[in-house]
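Below are the chains, spelled out letter by letter.
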Amino acid sequence: MTKTTQTGSDVIVIGAGLAGLTAAVHAVQTGATVRLIAQGWGQQIVTPGWISVCDRAKDDVIAELRGYAALHPAHPYALAGDEGMIDCLERFRAITKAIGVPYGACVKAGHNLRLTTLLGAIQTPLLAPASMVSGDLTGVTGEILLVSFTGWRDFYPALAASNLAKQGITARAVLVDAPGAPQAWDLWPVELARRFDDPALRQRVIDQLRPHVQNAAKIGFPAVVGLEQHVEALADCTQQLERPCFEIATLPPSVPGTRLSNRLRRWLLRQRARVQIGHPVVHGIVENRRCVGVDVGALGHTNPFYADQFILATGGLYNGGIQSDESGRLWEPIFDLPVKGPGGTGREKWYHANLLVHRGHAVHRHTGLRVNTRMQPLDADGAPVLDNVYAAGHLLTGFNPLTDGCAEGIALATALKAVQVALALEAQKSY
Ligand SMILES: Cc1cc2nc3c(=O)[nH]c(=O)nc-3n(C[C@H](O)[C@H](O)[C@H](O)COP(=O)(O)OP(=O)(O)OC[C@H]3O[C@@H](n4cnc5c(N)ncnc54)[C@H](O)[C@@H]3O)c2cc1C
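Small disclaimer: the values here were computed from a predicted structure and weren't measured.

The next subject is the overall build of the protein chain. Helices and strands together make up the secondary structure of the protein chain, namely 12 helices and 17 strands. Its C-alpha atoms give the protein chain a radius of gyration of 22 Å, within 12% of the compact-globule value 22 Å for 431 residues. Principal-axis analysis of the C-alpha atoms gives the protein chain an extent of 70 × 45 × 45 Å. Within the span of the protein chain, comprising 431 residues, buried residues form 54% of the whole. For the protein chain, long-range pairs separated by at least 24 residues make up 67% of all intrachain contacts whose partners lie at least 6 apart in sequence. Counting only carbon and sulfur atoms, one obtains 53% of the accessible surface of the protein chain, whose full area is about 18500 Å².

The next thing to look at is the pattern of salt bridges. Two side chains of opposite charge can pair, provided their charged atoms sit close to one another. Considering all chains together, one arrives at 15 salt bridges under this definition. Where Arg 266 meets Glu 228, a salt bridge forms, and the shortest distance between an N and an O atom there is 3.0 Å. Residue Arg 266 is located in helix H10 (residues 255-270), and its partner Glu 228 is located in the loop between strand E9 (218-222) and helix H9 (230-241); the two are separated by 38 residues in the primary sequence. Relative accessible area serves as the criterion here: at 33%, Arg 266 is assigned to the partly exposed category. Salt bridges sharing partners connect three or more residues here, namely Arg 153, Asp 154 and Asp 186.

Take the sheet that holds E9 next. Taken in spatial order, the 4 strands line up as E8-E7-E9-E10 in an open sheet, and their pairing is parallel. The strands lining the two open edges of the sheet, one partner per strand, are strand E8 (171-176) and strand E10 (245-248). On average, each strand axis in the sheet is tilted by 30° relative to the strand beside it, whichever way the strands run. Bridge count between E9 and E10: 4 bridges; the pairing is parallel. Among the inter-strand pairings, Pro 222 is bridged to a residue of E10, identified as Ile 248. Those strands touched by helix H8 (residues 199-213) are strand E7 (144-149), E8 and E9, and its axis lies near 145° from that of E8. The strands touched by H9 within the sheet are E9 and E10, with E10 carrying the most contacts at an inclination of about 130°.

A few words now on the site of the ligand. Among the 32 residues in the neighbourhood of the ligand, the closest are listed as Ala 16, Gly 40, Gln 43, Val 281 and His 394. Interatomic distance of 2.7 Å between a side-chain N/O atom of His 394 and an oxygen atom of the ligand. In this structure, an oxygen atom belonging to the ligand sits 3.0 Å away from a side-chain N or O atom of Glu 408. In the complex, 88% of the free accessible area of the ligand, which totals 1000 Å², lies under the protein chains. Secondary structure elements with two or more residues in the shell around the ligand: strand E1 (9-16), helix H1 (18-29), strand E2 (34-41) and helix H12 (407-422). Here the element with the most residues in the shell around the ligand is E2; it accounts for 4 residues. Here the shell around the ligand is built from residues that sort into 15 nonpolar, 16 polar and 1 charged.

Each value, and the rule that gives it
Sequence order as written defines the numbering, with residues in each chain counted from 1. Reporting in this predicted model follows two pLDDT cut-offs: at least 70 for local features of residues, and 80 or more for side-chain atom pairs to be given and counted; totals over whole chains, interfaces and linings ignore these cut-offs and use all residues. Neither water nor hydrogens contribute to the side-chain values; these are computed over all heavy atoms in the structure. The helix count covers DSSP runs of H or I at least four residues long, the strand count covers runs of E at least two residues long, and both are numbered beginning at the N terminus. Computation of the radius of gyration draws on C-alpha atoms alone. For the globule rule, the value is 2.2 Å times the number of residues to the power 0.38. With a 1.4 Å probe rolled over the protein chains alone, any residue whose accessible area is under 20% of its type maximum counts as buried; one over 50% counts as exposed, and the rest are partly exposed. Residue contacts are counted whenever heavy atoms from the two residues lie within 4.5 Å of one another. Per-residue and other accessible areas were derived by the Shrake-Rupley procedure at a 1.4 Å probe size, with only the shown protein chains allowed to occlude residues. The salt bridge criterion pairs a side-chain nitrogen of Lys or Arg with a carboxyl oxygen of Asp or Glu, the two atoms within 4 Å. One requirement defines pairing of two strands: DSSP has to find at least two bridges between them. Only the contacting stretch of a helix is used when fitting its axis, a line to C-alpha atoms as for every element, and angles between N-to-C directions run 0 to 180 degrees. Throughout, the term near means that a residue has one or more heavy atoms lying within 4 Å of the molecule or strand in question. Residues adjacent in sequence count toward polar contacts only when both atoms are side-chain atoms; beyond that, a polar contact is any pair of N or O atoms within 3.5 Å, and within protein one must be able to donate a hydrogen and the other to accept it. By the convention adopted, Pro, Cys, Tyr, Trp, Phe, Met, Ile, Leu, Val and Ala count as nonpolar, Lys, Arg, Asp and Glu as charged, and the other residues, Gly among them, as polar.

Taken by themselves, the reported measurements are silent on function.
Here it is, written out as structure tokens:
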């Protein structure tokens, strides 16, 4: 089949995770023409939807990560630079506000939030959707009412309440009929969220809850309070129940991640960016150390797309950005970039003997692309492999996305840095 030549863009972003989507937003905001190409959505579609920057920080989060970065110069935070960290968080809050799914932070400035999970454990991200921030347990006194749906398998609020009690937080559980569904057992969170969009169905939940509010200081729902009408749905619950209502992250799929993904995609399209989700980039077209285009899989053939700069945000081992096989070989499939691994032959160094090991397994911490401070992937000698390809997010080595509690901050910080370098914007702070 004849290949179609496409008009070139200034930037092609590969990947629709947090790193790829925010890289595309930054590039669009500079006035660049942008094409985002992704095989599918990124991990945000199954994550809680919050932004972990340095979960373990007890006080000032940015100060903690600055200290950490100073001690670990190969960590992505050190490479991206701490100024970019603050900048990318402000930009993320601005874009989420603009698209109608605003993110917020702890009332104690610069501190992590304290958010309950469905099990009543406490997680400590820096930013979260505003609907979750209302449930911040920082300094909370008074009883929390936890709501779930009769027969729904995904959330047992009595269990969460008893676990919260062990941490000094008083919570009470209540079960009501799910909106429009007497048989709630198998309902997916996104389906429940769609039902919450419907004022009549939502009203039935609110009416059932009213007698149970009593002395509750706040009311926590699983994160299914509306999909397209989320802000209105949550405000309606808060207004009618006369208590702050908040959302608790559910099991996957993630409604907050879905809201964010859908709205970022629509925003990009409104800015005339091209967004192709569902198309794998098969390989890079490279001439003299420069990438000139990428071949993108279509039905039975590939199409080339051309650009001046390329941001690779393909998500590492979790999402196809890095691949492996039973021999322990690790490879980056688009540009065949050198992949750092845990070492050894085979996979014997990938995993610790114990499954639950505090620092996590070597395959998570030590697998990924090595980059310089310009986010350029490096060869074994430390030299950039390609002049105009920049990598961001989970794809990078030097941190453990499972145990370090900073993977989302890294996605945001390295995406911003990659765009700034690619578009030569480092000196311009105000674009
Ligand atoms: C259930 C879960 C919970 C998590 N919780 C936390 C947490 O609490 N705190 C924390 O810090 N981190 C957490 N993480 C990790 C964190 O969310 C991820 O590290 C981060 O979202 C990764 O973003 P990314 O954009 O780098 O990559 P991804 O989200 O993996 O996106 C990669 C993108 O690249 C695309 N892609 C891959 N290959 C190709 C190709 N050949 N062509 C085109 N596109 C391609 C994919 O389709 C996808 O769109 C969690 C992850 C999961 C799965």
